[in-house]
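The primary structure of each chain is shown beneath.
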Amino acid sequence: MSLRIALAPGDGIGPEIMEATLMVLHEMGVGQHVTFVPVEMGKAVFDRGESRGMTEAACRTVEECGLVLKGPMETPKGGGGKSINVSLRKMYGAFANLRHFRTLPGVETVYSRAGVNVNFYIVRENIEDTYGGIEHRLTNDVIECKRLISAPGCDQVSRFAFETARASGITKVHCGHKANIMKMTDGLFLERFRVIGQDYREIEIADVIVDALCMNLVIRPQQYQMIVLPNLQGDIVSDLAAGLVGGLGFAPSANIGQQVSIFEAVHGTAPDIAGKGIANPTSLLLSSLMMLRHIGLLKQAAMLENAMLATLESGVRTGDFGNPAKEPVGTAAFAKAIISHLGKAPSSVSPVPVPEQDVPTFVRQARPLNNPMLRTFTQVVNRVVGCDVYIDATHGPTEIATILGSLAEPSPFRLTMISNRGTQVWPTGSVYTECVDYYRVRFELKPGMAEKVLGQAPAIALLGRIAERFFVTDFQVLREFDGRPGYSLAQGQ
Ligand code: NAI
């Protein structure tokens, strides 16, 4: 039976590069195994007032197929319209974003000119982090964005990375992070990377702080084979990496999930050249190549890869890259050039071995009856040890301490710390620390209460008393998990 793949051509240059991609796939006989099912997504749907940018029928088709090939889509600026790319990844749990960055023949960069061969993968966590989009205005002057990192989310992305590394013969995987500053969130990402890495003893693991990683990538990109990163850092480092190999036009992207995987071009809709027939389809072609591998059409994927390498090597180019002395061709002609190279191999770089496997191995999973619940830690003992109360106030720290210290007297807690923007300003601190209208006030168990087992009720009762004097913007019960504090210290505490 033929595999069904949801097909969303996209906006701007999307339909042009999709047509070129389908022309190549058709010529390779992919249609014997695959049926593309068109779905409505993008600008036209947004314009009809549907804030998701996709129709209900499109959502159902994506759920049925479990595979999506998509072109770039215009995201409305401001207003309520959310990026379809981000919505698709999050709604369908496409937790890992895999991108391959490598020097391509015929694509000249400062590195290719210097004889530096770039060839590495980035695996970016795709759902969590600040991309949860959980934002609140807390006071006149302060807005927060919640950054969620979960242990199962970390596990999924690290396991996918190591599995991909194993299948691709990668011998060393780095974790990029900022765990020196965000000790708990990035700390968890790094810790789970190390734990999962133990299951892949043949692969060396290492970690690198993300700012140093950026510098290293520019200075010596050839030292990396695969880098795993949290979402926002991965987003930024991916574009840096694209710059090393000639730009976004050469960076394919696969969003892999348990149920649904999405293959897309990473560049945008290029409105400046839309409709002119001159767009470069390479990114979408390389993404469809990743899709062929994902569904098990390994022979076709290798043939397409060799044909693309041979085409680029021959100097065929669209106007956005390549040797300016050579006349550029349009999108359709570029696709035809690839078709004419099918069955050929590049000579300046090693051709990809062509395996025998030429029928799909992808098995569509049964539709879940309920939202799957992911869990990593199930046997943790936790206990309440205090609370952080956040208030909207412009008083000085000492005045706040005097009022709130006495409000805590009847409770099992005592005031231990006040911070502003994460820096301690009471009981010690510097009068030079500039403050804004948003304080965190920390209460911890009084001496002698340490062994008591409390629920969250005493903390809530204290919160109620504070709310009579100050506007409480948010509140956090402090807990220990297996004896380890589940909260960070303030700067200077
Ligand atoms: P863009 O990637 O569309 O364009 C940046 C520059 O690169 C332009 O000069 C464009 O002509 C060129 N370019 C991009 N792709 C090309 C290709 N395949 N061939 C030749 N030249 C190419 O980025 P921009 O201008 O920031 O965004 C335009 C629109 O695309 C926005 O509405 C944005 O929301 C959307 N967008 C969608 C994405 C997606 O669906 N994955 C990703 C990024 C942006």
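Residues numbered from 1 in each chain as written. Predicted model: local features only at pLDDT ≥ 70, side-chain atom pairs only at ≥ 80, totals over all residues. Heavy atoms only, no water.

Topic: the overall build of the protein
As a reminder of what qualifies: Only DSSP runs of H or I reaching four residues or more are called helices, and only runs of E reaching two or more are called strands; each is numbered from the N terminus. Accessible area is worked out with a 1.4 Å probe on protein chains only. A residue is then buried under 20% of its type maximum, exposed over 50%, and partly exposed in between. By definition in these notes, contact holds between two residues if any of their heavy atoms fall within 4.5 Å. A 1.4 Å probe and the Shrake-Rupley method give the accessible areas. Residues count as covered only by the protein chains that appear here.
Scanning the protein from terminus to terminus reveals 14 helices and 18 strands. Buried positions account for 51% of the 493 residues belonging to the protein. In the protein, the share of contacts with a sequence separation of at least 24, taken over all contacts with a separation of at least 6, comes to 76%. Accessible surface, the protein: about 23200 Å² in total, of which carbon and sulfur atoms supply 54%.

Looking at the domain arrangement of the protein
Test applied: The domain boundaries here were taken from an automatic or database domain assignment. Put simply, buried area is how much 1.4 Å-probe accessible surface two parts lose in total, over both of them, once they are put together. Salt bridges are defined as contacts in which a side-chain nitrogen from Lys or Arg sits within 4 Å of a carboxyl oxygen from Asp or Glu. As used in this structure description, the phrase polar contact means that two N or O atoms lie within 3.5 Å; if the pair is within protein, one of them must be able to donate a hydrogen and the other to accept it, and residues adjacent in sequence are counted only when both atoms belong to side chains. Gly is placed with the polar residues, together with every amino acid not listed as nonpolar (Ala, Val, Leu, Ile, Met, Phe, Trp, Tyr, Cys and Pro) or charged (Asp, Glu, Lys and Arg).
You can read the domains of the protein as domain 1 (3-340) and domain 2 (382-485). On a C-alpha basis, the centres of domain 1 and domain 2 stand 44 Å from each other. The partner domain 2 presents eight residues to the eight residues of domain 1 that form the contact. Summed over both partners, the interface of domain 1 with domain 2 comes to about 550 Å²; 56% of that surface belongs to carbon and sulfur atoms. Connecting domain 1 to domain 2 are zero salt bridges. On inspection of domain 1 and its partner domain 2, the count reaches two residue pairs in polar contact (both at pLDDT 80 or more). Of the residues in the side of domain 1 that touches domain 2, the class split is three nonpolar, two polar and three charged.

Describing the site of the ligand
Put simply, the rule is: When we say a residue is near a molecule or strand, we mean one of its heavy atoms is within 4 Å of it.
Taken together, 19 residues form the shell around the ligand, and within it Met73, Gly268, Ala270, Asp272 and Asn280 come nearest. The side chain of histidine 267 places a nitrogen or oxygen atom 3.3 Å from a nitrogen atom of the ligand. Coverage of the ligand by the protein chains reaches 66% of its 820 Å² of free accessible surface. Residue composition of the shell around the ligand, grouped by class: nine nonpolar, six polar and four charged.

Looking at the sheet that holds strand 17 (residues 471-481)
Strand-to-strand pairing in sheets goes through backbone hydrogen bonds, with the strands running parallel or antiparallel. To be explicit about the condition: Two strands pair if DSSP finds at least two bridges between them. To get an axis, a line is fitted to the C-alpha atoms, and for a helix only the part in contact is used. The angle between two axes follows their N-to-C directions and goes from 0 to 180 degrees.
Pairing within the open sheet is antiparallel, and its six strands lie in the order 15-14-16-13-17-18. At either margin of the open sheet sits one strand with a lone partner, and together these are strand 15 (423-426) and strand 18 (484-485). Taken together, the three bridges between strand 14 (residues 413-420) and strand 15 define a ladder with antiparallel strand orientation. The residue bridging asparagine 420 from the neighbouring strand is threonine 423, located in strand 15. Packed on one face of the sheet, helix 14 (residues 457-467) meets strand 13 (382-392), strand 14, strand 16 (439-445) and strand 17 and runs near 160° to strand 17.

Section: unusual backbone geometry
Omega for the bond connecting tryptophan 426 with proline 427 falls within 30 degrees of zero, at 5°, which places this linkage in the cis form. Take proline 427: it is sitting in the loop between strand 15 and strand 16. Unlike most non-glycine residues, aspartate 482 shows phi in positive territory, near 50°. By the element assignment, aspartate 482 lies in the loop between strand 17 and strand 18.

Considering helix 6 (residues 151-168)
For the record, the criterion: Expected helix span is given by 1.5 Å per residue-to-residue step, counting one fewer step than there are residues.
The end-to-end C-alpha distance of helix 6 is 26 Å, a good match for the 26 Å that 18 residues give at a rise of 1.5 Å each. One side-chain oxygen at the N-terminal end of helix 6 lies 2.9 Å from the backbone nitrogen of glycine 153; it belongs to serine 150. One or two positions beyond helix 6, positive phi appears at glycine 169, with a value near 75°.

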